[in-house]
Amino acid sequence: MSAVVVGGGLAGLVAARELLQAGESVDLYEADDFLGGLVARQPLGGTLVDGGAEAFAVRTSIVADLCAELGLEVAEPQGQPHIWWPEAPHVWPMANGVLGIPGSLDDPSLLGALTPEERAEAGRDAIMGGDVAADETRLGPLVEARLGRAVVERLVEPVTRGVYGRSPYDMDVDRSAPGLRDAMREHGSLMAAVSAIRQPGKAAVAQPVGGLFRLIDALAADIQRLGGRIHTGLDVRQVQRDGYGWEIRTRSGPLRADRVLLAVGARAAERLLTPLGISFEMPPTHPSFQALLSLRHPGLASGPVGSGVIVGRRDPRLVARALTHYSVKWPWAGHDGRHVVRLAYAASPTLTQALADASLLLGIELAERDVVDFAVLDWEMPTAMPPEDLAVLTEGLAHVDGLAVTGAWVAGNGIAAVVKAAQDVVA
Ligand SMILES: Cc1cc2nc3c(=O)[nH]c(=O)nc-3n(C[C@H](O)[C@H](O)[C@H](O)COP(=O)(O)OP(=O)(O)OC[C@H]3O[C@@H](n4cnc5c(N)ncnc54)[C@H](O)[C@@H]3O)c2cc1C
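These numbers come from a predicted model, not from an experiment.

Participant: I'd love a proper account of the nonpolar core, names of residues and values included.
Facilitator: Core analysis: the biggest nonpolar cluster contains 39 residues, and Leu10, Val63, Leu215, Leu219, Ile415 and Val419 have the highest contact counts within it. Taken together, the elements giving at least two residues each to this core come down to strand S1 (2-6), helix H1 (10-21), strand S2 (25-30), helix H2 (62-69), helix H10 (213-225) and helix H16 (415-426). A total of eight residues in this core trace back to one element, the largest contributor, which is H1. Core analysis: the next-biggest nonpolar cluster, separate from the first, contains 35 residues, Ala113, Ala134, Leu155 and Ala177 among them.

This is the structure in structure tokens:
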């Protein structure tokens, strides 16, 4: 059997490797001159850092297992993440829990974020019994009923908006925190459920040592070792079925294969699927800009905000939505007194803006003389199709032999979801 994989992002590379392991002959086409898609290596100030995705969720072992198979050592992030608030005390630790929900009343996040009365309200969670609000399927109302509105507003919402771009009041508990409601019934309180699901002190994400982009390098090397052929700088313009299989068209001419796997984003998939009579509701993408700074400043050595801050509520003095002190979080990125700081924006920032935001969020005065290097990367953040639209697409694909689709827009946006779906689509 021969297969063509269209798209050399994480989904395409994982799927290509699976196909090769199943004994198929594989050609992978990537439109860009480099592999990785939204997982990207970025040279900055004499080192390499992640310009797009940087870490994978460890709720399941799927990505860690893949890294182990590929011989990659993985590490947890260092430093405490924080939340920024426009009013004093401005910065407090993010809860060591699930989606910003603390796992105990002793969590340091509660001291910074809540008044004594609000902490007392949160404490009622331990005595109200595990069934209260256990039928609530939305995250915001569940947390509000158990721990109070202040916990939702100052601890949970900054995380759900900052990480997933969503209000907790629109998020389904069972999809975003599987097992949480059952654990609440079993352990008698929401905080006990959180600490049962997430062992305190254990990070929620990890990265291959040296950067997430190392996973892309390792996958590409393994594909070549297994005999796969990788073609970069060649976009697939058309895929067409005939009586014997598939014809795949690129500017270097047609190629034939028994099956085709599309691992491109939603927009590119639409261009390839529409001529085959398969249509679907396009899930939206959101612009996401990453400003990367390599900085030399003595005030950075202490890691003033740990691994970083998410802006919890709009502050008129700030444009950035979040700051990651990348070289605190992933220590191998810092060298020769140079620090790496990443800022997330909804629109492209100037260096002046990035320095102003970094100065406020880090609490140190940064100037252009402190800048070793600066880059702004422009991404389109995918969103996953809602289940009803996915059902329509799946139905359309079911009528076409030898064609499958994978990637963040069908699997769910995120490294773990993308890897799992790319493995499953081949199985
Ligand atoms: C700024 C940013 C930060 C993120 N951070 C995280 C994070 O820390 N943790 C996490 O879990 N997730 C994160 N994500 C999400 C994660 O990066 C994605 O879910 C995942 O990388 C998507 O992989 P993919 O292979 O589905 O798509 P893509 O990476 O988009 O790959 C699709 C590939 O197809 C290629 N292509 C398109 N059309 C064609 C064609 N016609 N022919 C050939 N090739 C084509 C594209 O060039 C691209 O390389 C982040 C995303 C962004 C944008």
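Participant: I'd like to hear about the pattern of salt bridges, residue by residue, with values.
Facilitator: Between side chains of opposite charge, a pair can form as their charged atoms come close. If you walk through the whole model with that rule in mind, you get 24 salt bridges. As a salt-bridge pair, arginine 17 and aspartate 222 come within 2.7 Å of each other at their nearest N and O atoms. Taken as a pair, arginine 17 in helix H1 and aspartate 222 in helix H10 lie far apart in primary sequence, 205 residues in all. Here aspartate 217 ties to arginine 41 by a salt bridge, and the two come within 2.4 Å at their closest N and O atoms.

Participant: Break down the packing of aromatic side chains for me, citing the residues and quoting the values.
Facilitator: The tally for this structure, following the rule as stated, stands at three aromatic pairs. Measuring from centroid to centroid gives 5.5 Å for tryptophan 85 and tryptophan 92, while their planes differ by 40°, and the two rings are tilted. Comparing tryptophan 85 with tryptophan 92 shows no difference in burial state: the two are buried.

Participant: Before we move on, could you go through the sheet that holds strand S14 (residues 259-262) and cite the residues and values that matter?
Facilitator: Strand order in this open sheet of five strands is S10-S2-S1-S14-S20, and the pairing throughout is parallel. Sheet topology places strand S10 (229-232) and strand S20 (403-405) at the edges, where each strand pairs with a single neighbour. Here the average twist between neighbouring strands, direction ignored, is 15°. Here H1 sits on the sheet and contacts S1, S2 and S14; the angle it forms with S2, its principal contact strand, is near 170°.

Participant: Mind laying out the domain arrangement of the protein, listing which residues take part and the relevant values?
Facilitator: Assigned domains within the protein: domain 1 (2-54 + 211-284 + 383-426), domain 2 (97-199) and domain 3 (285-381). One C-alpha centre belongs to domain 1, the other to domain 2, and the line joining them spans 37 Å.

Participant: Explain the side chain of aspartate 50 to me, and be specific about the residues and the numbers.
Facilitator: By the secondary structure assignment, aspartate 50 is in strand S4 (residues 47-50). One buried charge, aspartate 50, has no salt-bridge partner; the nearest side chain with opposite charge is arginine 342, at 5.9 Å. At 2.9 Å, the side chain of aspartate 50 and the backbone nitrogen of leucine 212 are in polar contact. In contact with aspartate 50, other than residues within four places in its own chain, are Ala40, Gln207, Gly211, Leu212, Phe213, Leu292, Tyr326 and Arg342.

Participant: Describe H16, with residues and values.
Facilitator: The end-to-end C-alpha distance of H16 is 17 Å, a good match for the 16 Å that twelve residues give at a rise of 1.5 Å each. Regarding H16, the residues found buried are Ile415, Ala416, Val418, Val419, Ala421, Ala422, Gln423 and Val426. Tucked inside the fold, the buried residues of H16 contact H1, strand S5 (56-57), H2, S14 and helix H15 (408-411).

Participant: Break down the packing of H2 against H16 for me, with residues and values.
Facilitator: Running from amino to carboxyl end, H2 crosses H16 at an angle of 70°, the nearest separation of the two axes being 9 Å. Considered as vectors, H2 and H16 are oriented roughly perpendicular to each other. Counted together, Ile62, Val63 and Leu66 of H2 and Ile415, Ala416, Val419, Lys420 and Gln423 of H16 form the full contact between these two elements. Grouping the constituent residues of the contact of H2 with H16 by class yields six nonpolar, one polar and one charged.

Participant: Please set out the side chain of threonine 406 residue by residue, giving values where relevant.
Facilitator: Mapped onto the secondary structure, threonine 406 falls in the loop between S20 and H15. Residue threonine 406 is classed as buried on the basis of its relative accessible area, which comes to 1%. Beyond its immediate chain neighbours, meaning those up to four positions away, threonine 406 contacts Ala11, Leu261, Leu262, Ala263, Val264, Ala421, Ala422 and Val425.

Participant: Outline the environment of tyrosine 345, listing residues and values.
Facilitator: Inspection of the secondary structure assignment puts tyrosine 345 in strand S18 (residues 339-345). Residues tyrosine 345 and leucine 323, 22 residues apart in the sequence, show an inter-C-alpha distance of 9.5 Å. Not counting chain neighbours up to four residues away, the residues in contact with tyrosine 345 comprise Pro287, Ser288, Phe289, Ala291, Val319, Ala320, Arg321, Gln353, Ala354 and Asp357. Here aspartate 357 takes part through its side chain, which lies 2.7 Å from a polar atom of the side chain of tyrosine 345.

Participant: Describe in detail the packing of helix H8 (residues 180-187) against helix H9 (residues 190-197), supporting the description with residues and values.
Facilitator: Relative placement of two packed helices is described by the angle separating their axes and the distance separating the axes. The geometry of H8 relative to H9 is characterised by a closest axis approach of 8 Å and an angle of 115° between their N-to-C directions. For the pair H8 and H9, the sense of crossing is right-handed. In this structure, H8 contributes Leu180, Ala183, Met184 and His187 to the contact, and H9 contributes Leu190, Ala192, Ala193, Val194, Ala196 and Ile197.

Rules used throughout
- Residues numbered from 1 in each chain as written.
- Predicted model: local features only at pLDDT ≥ 70, side-chain atom pairs only at ≥ 80, totals over all residues.
- Heavy atoms only, no water.
- Core = buried A, V, L, I, M, F, W, Y, C linked by side-chain atoms within 4.5 Å.
- Buried < 20%, exposed > 50% of the residue type's maximum accessible area, 1.4 Å probe, protein only.
- Helix = DSSP H or I, 4+ residues; strand = E, 2+ residues; numbered from the N terminus.
- Salt bridge = Lys/Arg side-chain N within 4 Å of Asp/Glu carboxyl O.
- Phe/Tyr/Trp six-rings, centres within 6.5 Å; stacked < 30°, edge-to-face > 60°.
- Pairing = 2+ DSSP bridges.
- Axes fitted to C-alpha atoms, helices over the stretch in contact; angles between N-to-C directions.
- Contact = heavy atoms within 4.5 Å.
- Domains from an automatic or database assignment.
- Lys, Arg positive; Asp, Glu negative; His and termini not counted.
- Polar contact = N/O pair within 3.5 Å; in protein donor to acceptor, adjacent residues only side chain to side chain.
- Expected span 1.5 Å × (residues − 1).
- Parallel < 35°, antiparallel > 145°, perpendicular 65-115°, else oblique.
- Nonpolar A, V, L, I, M, F, W, Y, C, P; charged D, E, K, R; others polar.
- Left-handed = near helix turned anticlockwise from the far one by under 90°.

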